[in-house]
Amino acid sequence: MKRITGKTKDATLIEMTNTADAHVEDGFAVLTGYRKTFVAENNGLLSSRDRGTPLPGHQEIGKLEQDKDSVYFRDGKRRIDFVLSYVDDKDGDKKAERRRLFESNLEKAGLELETEHKSVRSFSTEMPPMGQQAHCLCPLCFTSDLNSFAIHLTPNPENTNLYLVWSEPESDDRKTYYLKIHAPWEVLATFADVLKIKVPFKASDIPKAREVPLEWLTQPFRLPPKIMKPDPDYFTAPFDKSKTDFFLIKDQETFFPQSTRNRIVYYILTRCPYYKEDRKEKDKTGIKRLLNNGTYTSAYPLHDCRYWKKSDQTQCESERYHLYRHWARFLSFYKEQPLNLIRKYYGEKIGIYFAWLGFYTEMLFFAAVMGVICFVYGLLSYDDNISSKELCHPDIGGKIVMCPLCDKKCSYWKLNSTCLSSWQAHLFDNEGTVFFAIFMGIWVTLFLEFWKRRQARLEYEWDLVDFEEEQQQLQIRPEFELKCTNKRLNRITQEMEPYLPVTSKCARFFVSGATVLFWTCLIVACIMGVIAYRLAVYAAFASLMKDSPTSKIQLVGSLINPQLATSVTASCINFVIILILNFLYEHVAIWITDMEIPKTHLEYENKLTMKMFMFQFVNYYSSCFYVAFFKGKFVGYPGNYTYMFGSNLRNEECAPGGCLIELTTQLVIVMTGKQLVGNIQEALLPLLKNWWISRKGRSHPEGHYSRWEQDHDLQNFSQFGLFYEYLEMVIQFGFITLFVASFPLAPLLALCNNILEVRVDAWKFTTQFRRPVAAKARNIGAWKDILNVVAILSVVTNAFIMAFTSDMIPRLVYLYAYHPGDKATMAGYINNSLSVYEIDELNEKNRPEEEENPAWYSSNITTCRYRDYRYPPGHERQYTHTMQFWHILAAKMAFIIIMEHVVFVVKFFVAWLIPDVPSEVKARIKRERYLVQEYLHTYEVEKLKLQLSQSFCVTTETTSLLPSSPDKHEVLSECI
């Protein structure tokens, strides 16, 4: 190595002569086959003029060796609040110019930047093994140019340290750069004032709640107090930069939690322009557009540590590790959720989701217990079911010949062949089912009312009482500004703003409505196709499962009747269609919502929510509505059957036990299938997909796999992340409320799923997703109104299910009005509920083919029975409805009216009885507002006194003034 003195007397150039080979690779000088390479800086002893000028805004590096799992800049002092990544590509010049302008404007906004090169892995003062590569990189200006590298060396060769950059790439593809962003105190204070972020100003003096008796019983379900309450209780007030000494600021670096810091930085990023100063192009603004056009590949805040171990740095909170250990593991399923820690780490919007999901799961426990009780009652009353006994009795049900259930291919059949399905129906269609349907109507009200109280408590504890969503949600979307070129004056702000003309808005609304209508009709068409399948395939199942000694499926035929076989297969096909349509409509809903160009983020979210829920509602529930309210209701009677849309397919009939058991089958398959598919998509697939990421993170040394790279490899948490989580739960809520009368065990299935869902979602957020940008939210948004609508609709649907789908009302009418003898009993109900038809009067197309008739059928059988209330042949009003039919119909309508009125009266009474905001919370809110006003007033008065007394107190030391500090009162009194 020769030292050559340059033109400047303090500059020293170095010529590298000890290398066998030197070439340029990825913009770096790569040295191989050497013995030694002498390059370095001088232990930080260079003066500013010796060091040269670093890149604008990118801080000089004093500490090169750094723990790559750190969340700090290389100096170990400034925390990384946000990370932007980008790659070099063919369109590099244009994108590089955008990045240069954008980063320059970020620096003007006060943010501090530091870049990690794509090939910088680590610095070392030791020589690599012989034959391995090392990059020569200037530790001050991060350039591989040897001339630039040389001028930063000290004139004194004895004080130089050897620094080599190993050739391991920073990113696997050796293309990714990472821009680290730090927000200093001045920036945080300025924008905390703009966003009116609430910060503590006084420790809370409200006494803690008294211990609940027998609290030790809940101890196994509780988490450590430090996890449940990561921060002490404070009274808070909106931050004011001019009154910094009013607030409890112990350390400026830790005063704002990391979620608040990344929220502030993201606020700046979304509004920072990247146009030149002489060209005001408002469409060239914000990180979102830069992400869309590929200038940057990702933007995200950092997790504070690896989830499987604490951070080695004492100043790092390791909140992610605590969340994983106490919340995200499935073995913690019985533990309470650390909602305050979730809110502190992820922000209020995600915190309110998990609070709602946890509360919903808690309330499901009571519904599940009541459903199990009703199911157990059905089991215990199994032997007391006289109707099923008569149906299964060989001398009663065994001698009743039923009319064919389809044309040609269906034969005559004996009533006792449906014995098993009759017993199955009794498990869900009994006296307890009526009570359970009423209970669920009241449970829904209690759930919604108690959630309002829980939400009000969270609003107070999380400083959301005075939060206005307009501050965050009602800002104009960048897409709206870009696509709407027309301008008009805003009467409120008196500024010109873009707007969408009425003609364009109407045209877009028409196209959107037509698209929604088309897809809704497509769902209905698919349902009709499934119905046609049921009608066509039923005959095949009936032919295969007929009572024949030579049948090869005799065992199966004795366990599964044609109705059940058709129902199960049709439900499975319907579920597959549901999944396919969901996949298609998910993209369609986003497309039509984008086409409408909503003005604000809140408007966009609400429109998308309504479209997706409407579609999901029709998609998931239409088949259940068909079975519950249409199947078996428009059949006709032998000799005068009705056909579907004039085709040769006869409308379906209900089984002798009623359609309730088929509704149960449909509900179980669709609901359970949806939950299984959802859990597979949420847990198993991400686990397999990202298994290598965790393995990579665990296998790499800390100095070789940086924190920003680890997070870059995780999945991005999109703006629709919580949307799909809410949608999944609201659809489940519809299943357990709209049709719960047909399946009392539905809340139990939902409870088991949600216990898993809470931990799966927690696991995803903690281990699989990048850290989301913190966002505020007071409630669950538009989903609250949807839940209220579903709750009201559930009362109506359950009343109609009990009246028209269940066999409860006809049994009660028979028991109290048509039973034979003096004692009220259900004996003879089966014979009473079946009408008689003369076989000779059957139309030719309704009669079964000869080879389809069972072996026991003979010419001695002259009549067949069917489920209806009609006069027998030979009567003067033969085949018309009897008076009992009208009595039953009147009883059904009366039951619907009574049940709805009872449930609604109880609902409204409960809603009136339970206040939305607890009295304790109201008192705390009033006290906090009072204290804020009192302390602010005292602060202003004492500050004014201090200013007036400064002319008389020459020797008084300048100190921060807090109204609660006795020391400051003493200083003030001395000055006065």
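You'll find the structure just up there.
Residues numbered from 1 in each chain as written. Predicted model: local features only at pLDDT ≥ 70, side-chain atom pairs only at ≥ 80, totals over all residues. Heavy atoms only, no water.

1. Here we look at the side chain of Asn262
Definition in use: The secondary structure listing takes helices from DSSP runs of H or I that are at least 4 residues long and strands from runs of E that are at least 2 residues long, numbered from the N terminus. Throughout, a residue-residue contact means that at least one pair of heavy atoms, one from each residue, lies within 4.5 Å.
Its place among the elements puts Asn262 in helix H7 (residues 258-269). If we ignore the near neighbours within four places in the chain, the residues touching Asn262 are Asp81, Phe82, Pro301, Arg771, Pro772, Val773 and Ala774.

2. Some thoughts on the packing of aromatic side chains
Each pair of aromatic rings is reported with the distance of its centres and the angle of its planes. Selection criterion: Two rings from Phe, Tyr or Trp (for Trp, the six-membered ring) form a pair when their centres sit within 6.5 Å of each other. Planes less than 30 degrees apart are called stacked, planes more than 60 degrees apart edge-to-face, and all others tilted. Summary of the burial criterion: residues with accessible area below 20% of their type's maximum are buried, those above 50% are exposed, and those between are partly exposed, where the area comes from a 1.4 Å probe applied to protein chains only. For a Lys NZ or an Arg CZ to count as sitting over a ring, it must be within 6 Å of the ring centre and within 35 degrees of the ring normal.
Across all of its chains, the model carries 65 aromatic pairs by this definition. Aromatic side chains Phe518 and Trp519 sit 6.1 Å apart centroid to centroid with 90 degrees between the ring planes, which places their arrangement in the edge-to-face category. A residue is classified by how much of its surface remains accessible, and Phe518, at 52% relative accessible area, is exposed. Taking the relative accessible area as the measure of exposure, Trp519 reaches 13% and is therefore buried. Here the aromatic rings of Phe723 and Tyr724 are separated by 5.3 Å at their centres, their planes lie at 75 degrees, and the arrangement is edge-to-face. Residue classification places Phe723 among the buried residues on the basis of a relative accessible area of 7%. A residue is classified by how much of its surface remains accessible, and Tyr724, at 27% relative accessible area, is partly exposed. Sitting over the ring of Trp708, Lys180 keeps its end group 4.2 Å from the ring centre. In this structure, Arg650 packs its charged tip against the face of Tyr641, placed 3.6 Å from the ring centre.

3. Overview of a positive patch on the surface
Condition: Each patch is assembled from residues with relative accessible area greater than 30% and no salt bridge, linking like charges that lie within 9 Å and nonpolar side chains (Val, Leu, Ile, Met, Phe, Trp, Tyr) that lie within 5 Å. Working definition of accessibility: Shrake-Rupley area with a 1.4 Å probe, residue cover restricted to the visible protein chains. Each reported salt bridge corresponds to a side-chain nitrogen of Lys or Arg within 4 Å of a carboxyl oxygen of Asp or Glu. Only four residue types enter the tally: Lys and Arg on the positive side, Asp and Glu on the negative side, with His and both chain ends excluded. Taken as the charge location is NZ of Lys, CZ of Arg, CG of Asp or CD of Glu.
Together, Lys226, Lys310, Arg325 and Arg329 give the surface a local cluster of positive charge. Mapped onto the elements of the fold, Arg325 is located in helix H9 (residues 319-328).

4. Some remarks on the sheet that holds strand S10 (residues 176-182)
Quick note on the threshold: Pairing between two strands is assigned when DSSP locates at least 2 bridges connecting them. Lines are fitted to the C-alpha atoms to define the axes, a helix being fitted only along its stretch in contact, and any angle between axes, read from their N-to-C directions, falls within 0 to 180 degrees.
Strands sit in the order S6-S10-S5-S13 across an open sheet of four strands; the sheet is antiparallel. The strands lining the two open edges of the sheet, one partner per strand, are strand S6 (112-116) and strand S13 (298-300). Each strand axis lies, on average, 20 degrees off the axis of its neighbour in the sheet, ignoring direction. Pairing of strand S5 (residues 82-87) with S10, which is carried by six bridges, proceeds in the antiparallel orientation.

5. Considering the environment of Lys226
Inspection of the secondary structure assignment puts Lys226 in helix H5 (residues 225-228). Residue class for Lys226 comes out exposed when judged on its relative accessible area of 70%. Between the alpha carbons of Lys226 and Pro338 there is a distance of 9.7 Å; along the sequence they are 112 residues apart.

6. Considerations on a nonpolar patch on the surface
Taken together, the side chains of Phe221, Phe330, Phe333, Tyr334 and Leu756 define a hydrophobic patch exposed on the protein surface, amounting to about 470 Å² of accessible area. When you line up the elements, Phe333 lands in the loop between H9 and helix H10 (339-346). The class for Phe333 is partly exposed, based on a relative accessible area of 40%.

7. Structural notes on the state of the cysteines
As a reminder of what qualifies: Whenever a pair of cysteine sulfur atoms sits within 2.5 Å, that pair is classed as a disulfide.
Taken as a whole and assessed by the stated rule, the structure comprises three disulfides. Between the sulfur atoms of Cys392 and its disulfide mate Cys419 the distance is 1.8 Å. Negative torsions about the S-S bond denote left-handed disulfides, and the value of about 100 degrees found for Cys392 with Cys419 makes this one right-handed. Residue Cys392 is located in helix H12 (residues 386-392), and its partner Cys419 is located in helix H13 (residues 419-428); the two are separated by 27 residues in the primary sequence. Disulfide pairing is shown between Cys403 and Cys864; the S-S distance is 1.9 Å. On the sign convention where negative is left-handed, the bridge of Cys403 and Cys864, at about 85 degrees about the S-S bond, is right-handed.

8. Observations regarding the pattern of salt bridges
Where charged atoms from two side chains of opposite charge approach closely, those side chains can pair. Within this structure, the stated rule accounts for 36 salt bridges. For Glu596, the salt bridge identified is with Lys607, shortest N-O distance 3.4 Å. Taken together, the residues Glu596 in helix H18 (residues 562-596) and Lys607 in helix H19 (residues 601-629) connect sequence positions eleven residues apart. Judged by relative accessible area, which is 9%, Glu596 ranks as buried. Judged by relative accessible area, Lys607 falls into the partly exposed class, the value being 27%. Notably, a salt bridge pairs Lys764 with Asp761, separated by 3.6 Å at the nearest N-O pair.

In short, shape yes, function no, at least from these values alone.
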